[in-house]
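# Coordinate inspection notes
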Amino acid sequence: MAPRKNAKGGGGGSSGSGSSSSSSGSGGSGGSGSSSSGGSSSPGARRDTKHGGHKNGRKGGLPGSSFFTWFMVIALLGVWTSVAVVWFDLVDYEEVLGKLGVYDADGDGDFDVDDAKVLLGLKERSATKPTVPPEEAEPYPWMEEQVPEGTGPQHFEDEVQEEIYSSLHETVYTEHVKKKKPKLLNKFDKTIKAELDAAEKLRKRGKIEEAVTAFEELVRKYPRSPRARYGKAQCEDDLAEKRRSNDVLRRAIETYQEVASLPDVPTDLVKLSLKRRSERQQFLGHMRGSLVTLQKLVQLFPDDTSLKNDLGVGYLLMGDNENAKKVYEEVLNVTPNDGFAKVHYGFILKAQNKIAESIPYLKEGIESGDPGTDDGRFYFHLGDAMQRVGNKEAYKWYELGHERGHFASVWQRSLYNVNGLKAQPWWTPKETGYTELVKSLERNWKLIRDEGLSVMDEAKGLFLPEDENLREKGDWSQFTLWQQGRKNDNACKGAPKTCSLLDKFPETTGCRRGQIKYSIMHPGTHVWPHTGPTNCRLRMHLGLVIPKEGCKIRCANETRTWEEGKVLIFDDSFEHEVWQDATSFRLIFIVDVWHPELTPQQRRSLPAI
């Protein structure tokens, strides 16, 4: 474990929480896509930059990828997959996600815009507060991060274009002391400074094509000029944005490498070129290539702890927590008060279920105020860790997270949100507008129950255990029919009548931010307080087999019980918790629906979770 010599004292009355993560499903609602402590996203390489971005973006994430158990760390960290350049519209997202699913920002099992911004170190915009009833505004337990996703029709591509290219070209990672302006010119380049400045002026004025031509001519005239080649790389980078072209971006990545390979390259220019190369490789989902670039940087500059911090993130993106942990231990041995290393080291400890050990690192890291530490996920993991060890200070951190714009409220801490949507923990069928769906579920509850029981009776293991570290104890499993708006045809063979019934209701079968599934919970189960990833859905629970007493669900500050044949509706972006203290199993049917205030355009364009 990394030494903590000279570490700051803990405390900080700040309170905030990070993003829970996945699809929260307490009471059986969890499972796929639900996370509490463990579903939050790994904050990764978030850095403070010149141009901030929207907090977690206006939209959610790319279609999902597989989930991993918390024993493998992935559940706690989420699935950080590749940053396929979505707005280039040239990437097979599903293929990329499948190959590169390692960590995601909210633990929902997919990679999304917020993850892209995290990987690139972009500052996110604070969230606006949705309306929360006064009785729920008081801090008590805990929840997740509010992120504006826009309230009207918008294009995911436009969002990424705005956010991704706000990242720096020429700034160097700083800690507390502002670094000197980087030296980019060697002796020869100083002799052609006027020509370089003229080409650079074109680039800064946004005349990209002209700038490309100018720098290409300089490279032709002066092939050994590092600054001319760096300017060419920057122009290609800018042109990739303008044209939304992966091919041009790949050219830029190669040119950045060429810069570092030239003789007599200023140290600062080597760092800038290789760091930018690594960032753009991550952006394209080339995580292994990015890791090699980061390793080269550390090899060239072994005393630069900021580069080691970046390398640690690179390992996390590859799912290599052990090597990431070693890197942060090295950093903390040399600079024990490095806040960025502390929060990431604490994050890894928590992922390894070393809950108590993670707390001082997360706490001191956030308190340091170092770039990259004021991240909702760290507030979440700190608060969640404290709560799991019975430390009531957790709620202070959640409150601070809310005050700093990471969460909509102390109760509602979802990560991927659309601003302005009605926010309340519990809903009536009439309020949702989905009365026909509710009536159909309640009319056919016995049919739905019988098919669920039939699947349970089969010895095929179709009900899969909750694997996101949401349970304090007990046995809780799910059988999923729809995930992210995609029907599981094989699963529906086990419940054909139920699936046929649901096919009539696109508000649920087309809800790409939710699931439809059976959830069974056995006696002696307690599900930790947790939250879902988004305010864009509501969650229905249809009671199928409900013991007479001992089963209950709390959402925000109100606790309710299930009834057989009746539907409960709640907003799982609010903190919720479940207890199963009966003497027999509890079976419910979970149906997620789009938030009724989302427009048809938003339902079509919001990325899946």
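The paragraphs below set out a description of the structure included in this document. All of these numbers come straight from a predicted model, not from anything done at the bench.

## Regarding a positive patch on the surface
A cluster of basic residues, Lys-180, Lys-183, Lys-187 and Lys-190, forms a positive patch at the surface. As for its placement among the helices and strands, Lys-187 is situated in helix 6 (residues 187-191).

## Quick word on helix 17 (residues 376-388)
Taking 1.5 Å as the rise per residue, helix 17 with 13 residues should run 18 Å; its terminal C-alpha atoms sit 18 Å apart, in good agreement. Among the 13 residues in helix 17, 13 count as buried, and that is most of the element. Sitting at the amino-terminal end of helix 17 is Asp-375, which places a side-chain oxygen 2.8 Å from the backbone nitrogen of Arg-377. Where helix 17 terminates, the next one or two residues include Gly-390, which has phi positive at roughly 80°.

## Some points on the pattern of salt bridges
In this structure the tally under the stated criterion is 35 salt bridges. Of the charged contacts in the structure, one is a salt bridge between Glu-330 and Lys-308, with a shortest N-O distance of 3.4 Å. Residue Glu-330 is located in helix 14 (residues 321-334), and its partner Lys-308 is located in helix 13 (residues 305-317); the two are separated by 22 residues in the primary sequence. Residue classification places Glu-330 among the partly exposed residues on the basis of a relative accessible area of 42%. Its relative accessible area of 15% is what places Lys-308 among the buried residues. Through salt bridges that share partners, Glu-200, Arg-203, Arg-227 and Asp-238 make up one connected network.

## Quick notes on the nonpolar core
Leu-437, Leu-441, Leu-481, Tyr-518, Met-540 and Phe-589 are the most contacted members of the largest nonpolar core, which has 40 residues in total. Residues in contact with Met-540, not counting those within four places in the same chain, are Tyr-434, Leu-437, Val-438, Leu-441, Val-567, Leu-568, Ile-569, Phe-589, Ile-590, Val-591 and Val-593. Counting residues in each nonpolar core, the second largest holds 35 residues, with Tyr-230, Leu-272, Leu-311 and Val-331 among its members.

## What about the sheet that holds strand 9 (residues 525-530)?
Judged by pairing direction, the sheet is antiparallel, and its 5 strands sit side by side in the order 5-9-14-11-12 without closing on themselves. Each of the sheet's edge strands pairs with one partner strand only, and the pair in question is strand 5 (471-473) and strand 12 (558-560). Strand-to-strand twist across the sheet, computed as the mean angle between neighbouring axes with direction ignored, equals 20°. Two elements, strand 9 and strand 14 (residues 576-580), share 4 bridges in a ladder whose sense is antiparallel. In the sheet register, His-526 faces strand 14, and the bridge partner there is Trp-579.

Calculation notes
- Residues numbered from 1 in each chain as written.
- Predicted model: local features only at pLDDT ≥ 70, side-chain atom pairs only at ≥ 80, totals over all residues.
- Heavy atoms only, no water.
- Patch = residues over 30% accessible without salt bridge, like charges linked within 9 Å, V, L, I, M, F, W, Y side chains within 5 Å.
- Areas by Shrake-Rupley, 256 points an atom, 1.4 Å probe, with all protein chains shown as cover.
- Salt bridge = Lys/Arg side-chain N within 4 Å of Asp/Glu carboxyl O.
- Lys, Arg positive; Asp, Glu negative; His and termini not counted.
- Charge placed at Lys NZ, Arg CZ, Asp CG, Glu CD.
- Helix = DSSP H or I, 4+ residues; strand = E, 2+ residues; numbered from the N terminus.
- Expected span 1.5 Å × (residues − 1).
- Buried < 20%, exposed > 50% of the residue type's maximum accessible area, 1.4 Å probe, protein only.
- Polar contact = N/O pair within 3.5 Å; in protein donor to acceptor, adjacent residues only side chain to side chain.
- Core = buried A, V, L, I, M, F, W, Y, C linked by side-chain atoms within 4.5 Å.
- Contact = heavy atoms within 4.5 Å.
- Pairing = 2+ DSSP bridges.
- Axes fitted to C-alpha atoms, helices over the stretch in contact; angles between N-to-C directions.

These values are about where atoms sit, not about what they do.
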